[in-house]
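Summary of structural features
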Amino acid sequence: MFYYVLKYVLLGPLLRLLFRPRIEGLDHVPSSGAAIIAGNHLSFSDHFLMPAILKRRVTFLAKAEYFTGPGIKGRLTAAFFRSIGQIPVDRSGKEAGQAAIREGLGVLGKDELLGIYPEGTRSHDGRLYKGKVGVAVMALRAQAPVVPCAMIGTFEAQPPGRKIPRIHPVTIRFGAPLDFSRYAGMENQKAVLRAITDEIMYAILTLSEQEYVDRYAAVVKSEEEQASGRPERARNFPRMPLS
């Protein structure tokens with residue numbers, strides 16, 4: 001219930017008023033049935049802008065840290081994410097990737113929209129990075145189409161580290177659904193999962209026109225932090241199985 005209050009009464013109208021996002025290809029999002037919205041991830045604002053413009057409810061897999069923060073701020077953050085139906089996922093340990101997949105399949109099993117960022121973490125420099133294959137596993141197991149989505153301008157509006165977004169033009173662009181039914185029953189084949197994931201990332205790249213880096217974002221970020229002498233921060237990205 002609170003999800004729809006935020007979407008149509010409180011947060012949604014405010015976001016549309018402030019950012020006036022340009023929406024392209026919204027008709028590519030299925031009006032019913034299970035589907036995966038796979039997008040690039042440039043900003044914390046992505047979590048709110050995309051749901052604000054979609055006609056259907058979309059559920060994201062949120063990192064567990066959003067639900068376990070200390071103090072009043074932590075409790076408020078946890079309450080907010082729970083109220084909008086986001087699912088906490090433990091992103092540490094060997095079973096983290098499998099847990100994320102199970103939760104995602106649960107959403108798709110109810111014929112709902114699942115939002116996922118195949119890069120596994122926010123881009124720290126605005127470039128598009130190699131995708132994790134968890135999205136391919138879910139697409140095959142759920143037999144669900146994948147709708148590529150490009151968030152454009154959100155990095156400039158709220159880059160990593162900036163708490164309050166600045167007003168900046170934003171475009172949200174959806175591509176035609178990708179059908180991977182030709183790979184049915186092959187979700188345990190690494191080469192197939194990589195091919196599907198690369199096809200999804202190429203579709204996102206075509207929409208976003210970002211510079212592409214064929215490496216995982218978290219690895220590149222870690223290397224850059226070590227090279228600059230800064231201590232490496234705790235990793236908060238899911239360890240999706242099979243690279």
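Residues numbered from 1 in each chain as written. Predicted model: local features only at pLDDT ≥ 70, side-chain atom pairs only at ≥ 80, totals over all residues. Heavy atoms only, no water.

In space, the 7 strands of this open sheet follow the order β1-β8-β7-β2-β5-β3-β4, with mixed pairing throughout. The open sheet terminates on both sides in strands that have one partner only, identified here as β1 (22–24) and β4 (87–89). Across the sheet, the mean angle from the axis of one strand to that of its neighbour is 25°, orientation sign disregarded. Pairing analysis gives 4 bridges linking strand β2 (residues 35–39) to strand β5 (residues 113–116), with the strands arranged parallel. Looking at the pairing, Ala-35 lines up with Leu-113 of β5. Packing of helix α8 (residues 190–208) onto the sheet brings it into contact with β2, β7 (146–152) and β8 (171–174), and relative to β7 it is tilted by some 35°. (Pairing = 2+ DSSP bridges. Helix = DSSP H or I, 4+ residues; strand = E, 2+ residues; numbered from the N terminus. Axes fitted to C-alpha atoms, helices over the stretch in contact; angles between N-to-C directions. Contact = heavy atoms within 4.5 Å.)

This part covers the nonpolar core. Residues Ile-36, Val-146, Phe-180, Ile-196 and Ile-200 are the most contacted members of the largest nonpolar core, which totals 33 residues. Contributing elements (two or more residues each) for this core: β2, β4, α5 (96–109), β5, α6 (134–142) and α8. Dropping the residues within four chain positions of it, Phe-180 is found in contact with Leu-140, Val-146, Ile-196, Glu-199 and Ile-200. The next biggest cluster of nonpolar side chains, apart from the first, holds 22 residues, and it includes Met-50, Ala-52, Val-58 and Cys-149. (Core = buried A, V, L, I, M, F, W, Y, C linked by side-chain atoms within 4.5 Å. Buried < 20%, exposed > 50% of the residue type's maximum accessible area, 1.4 Å probe, protein only.)

Remember that the coordinates give geometry; whether it matters functionally is a separate question.
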